[in-house]
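# Examination of the molecular architecture
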Amino acid sequence: MLATFPALQSTEFRKLFYSYVLSSASQWALLLGRGWLIFDLTGTTSAVGLVTFAGMAPLLFFGPIFGTLADRLDRRKMAVIAAFAGVITSTILGILTLSGVVELWHVVILAILQGTAMAGITPPSEAMIPNLVPKKHLLSAVSIRGTARHGSKVIGPFIGGIIMSIFTNGTGWVFILGAIFFLLAAMQLLRINYTQDIQENSATQQNLNFIKPMYAAANYAYQDKRLFLILSLLGIHCAFTMAFDSLLPGIAQSVGGGKETYSAITVAVGIGALITTLYVSTISKESLRGPILLISGIGSGIGIIIIGLATSPLMAIIGGFISGATQAPYMTVSATLIQQVVPDELRGRLMAFYIMIAAGFMAFMNLGFGLLADITGERMLCAIPGIAWMLIFFVIAIMSIRLRFLLQNGTFSQTSK
């Protein structure tokens with residue numbers, strides 16, 4: 001196993017990997033529970049879109065703060081504190097739900113706080129990776145990170161789906177499950193032996209101006225055309241192929257099966273993601289990144305189209321599997337390309353941009369799709385964006401020399417910067 005996944009040869013990275021799995025499992029379980037709870041309470045997709053937006057938006061709005069802090073403060077301690085915040089907020093939501101007094105505004109506020117906890121965990125954790133593994137194992141480490149995030153969709157929603165099916169008030173216990181996962185993630189982070197070379201002096205560390213350092217990082221990303229290309233495609237990809245969470249309860253209801261189908265689609269996404277990210281994590285040849293980026297880019301559009309056109313639970317589940325199996329490697333390769341060209345002193349901020357773009361586009365599109373779905377229905381809001389993404393991807397590939405070179409060679413050309 002260590003030969004197949006070389007990044008796991010690092011003892012400290014293994015601990016970070018365990019925390020990834022647990023915190024991500026918590027995130028997916030909470031997303032599942034909140035989605036069905038609100039759909040059950042209100043019967044509207046717009047309310048599900050609002051709660052989904054509330055859970056994702058903090059990664060966009062607080063990303064600059066946590067990304068900057070990750071370059072100034074101890075990244076491990078930051079992630080630990082955020083994980084404990086996740087424990088508290090998830091426990092409160094579980095108690096409110098189990099007691100039968102939960103209301104929409106409770107879920108919205110606590111979703112914001114839970115999203116803030118994830119925003120505090122993610123940038124420092126991402127920025128720790130290159131310090132825990134040798135440079136030659138970076139692709140493996142980032143891929144395994146993707147395995148933990150996307151594959152944890154199998155763990156969180158699978159266990160959460162069983163709990164929802166067994167118990168009458170199962171969503172409340174799903175939130176307690178999320179709190180337990182957060183607690184275990186914090187315990188793993190506490191075990192990591194991590195030393196960080198903080199660049200700024202003590203006076204700079206006391207400066208709470210987050211705008212200037214984030215502007216410097218944004219300017220760096222804009223000037224480096226490699227980063228600008230990957231981040232631009234990332235935003236479009238997340239907006240058009242990964243923003244269907246608010247639509248799933250309605251689709252599951254329309255194809256039949258209710259919350260069981262809803263859980264099954266979510267788990268299928270996780271299984272597909274787990275299989276492909278495990279494969280990508282074994283790859284050491286840079287030349288294979290190009291074909292992976294191309295195939296996963298096209299497949300991301302196909303998967304969501306199938307979900308939109310589904311007429312049975314099985315078809316929707318197959319669409320979910322294809323979506324997960326293609327979205328995950330696309331995101332993994334994109335993150336790897338960014339990690340390889342970013343200097344360490346900017347790593348926290350640039351990975352915060354990566355997270356902000358991904359979460360921001362998914363948050364706003366989930367909100368927009370949720371509001372529109374009550375008027376147009378959920379199906380066309382899956383199929384049309386999937387088609388649009390594939391057209392955009394093809395057009396940019398034809399027009400951009402940099403992207404064509406990347407797809408053919410798996411690396412950037414010498415003139416990419």
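See the structure printed just above.
Residues numbered from 1 in each chain as written. Predicted model: local features only at pLDDT ≥ 70, side-chain atom pairs only at ≥ 80, totals over all residues. Heavy atoms only, no water.

### Structural notes on the pattern of salt bridges
- Using the criterion set out here, one finds two salt bridges in the structure.
- The partner of Glu12 in a salt bridge is Lys15, with the nearest N and O atoms 3.3 Å apart. Of the two residues, Glu12 and Lys15 are both situated in helix 1 (residues 11-42); the distance of three residues between them amounts to about one turn of the helix.
- On the accessibility criterion, Glu12 (18% relative accessible area) is buried. (Salt bridge = Lys/Arg side-chain N within 4 Å of Asp/Glu carboxyl O. Helix = DSSP H or I, 4+ residues; strand = E, 2+ residues; numbered from the N terminus. Buried < 20%, exposed > 50% of the residue type's maximum accessible area, 1.4 Å probe, protein only.)

### Details of helix 5 (residues 104-132)
- Taking 1.5 Å per residue, 29 residues should reach 42 Å; helix 5 reaches 42 Å between its end C-alpha atoms and fits that length.
- In terms of burial, helix 5 is a largely internal element, 22 of the 29 residues being buried. (Expected span 1.5 Å × (residues − 1).)

### Here we look at the nonpolar core
- Residues Phe13, Leu16, Ile129, Ile338, Leu350 and Tyr354 are the most contacted members of the largest nonpolar core, which totals 76 residues.
- With 13 residues, the top contributor of residues to this core is helix 15 (residues 344-376).
- Aside from chain neighbours lying at most four places away, what touches Phe13 is Ala7, Leu8, Ile129, Leu132, Val133, Ala141 and Ile144.
- By size, the runner-up hydrophobic cluster in this structure holds 51 residues, among which are Phe39, Val102, Met164 and Phe244. (Core = buried A, V, L, I, M, F, W, Y, C linked by side-chain atoms within 4.5 Å. Contact = heavy atoms within 4.5 Å.)

### A few points about the packing of helix 10 (residues 225-241) against helix 13 (residues 289-309)
- Across the interface, helix 10 lies against helix 13 with an axial gap of 10 Å and an inter-helix angle of 15 degrees. With respect to helix 13, the element helix 10 is oriented roughly parallel. As helix 10 packs across helix 13, the resulting crossing turns out to be left-handed. Contacts between helix 10 and helix 13 involve His237, Phe240 and Thr241 on the former and, on the latter, Ser300, Gly301 and Ile304.
- Grouping the amino acids of the contact of helix 10 with helix 13 by side-chain chemistry returns two nonpolar, four polar and no charged. (Axes fitted to C-alpha atoms, helices over the stretch in contact; angles between N-to-C directions. Parallel < 35°, antiparallel > 145°, perpendicular 65-115°, else oblique. Left-handed = near helix turned anticlockwise from the far one by under 90°. Nonpolar A, V, L, I, M, F, W, Y, C, P; charged D, E, K, R; others polar.)

Any link to function would need more than the numbers given here.
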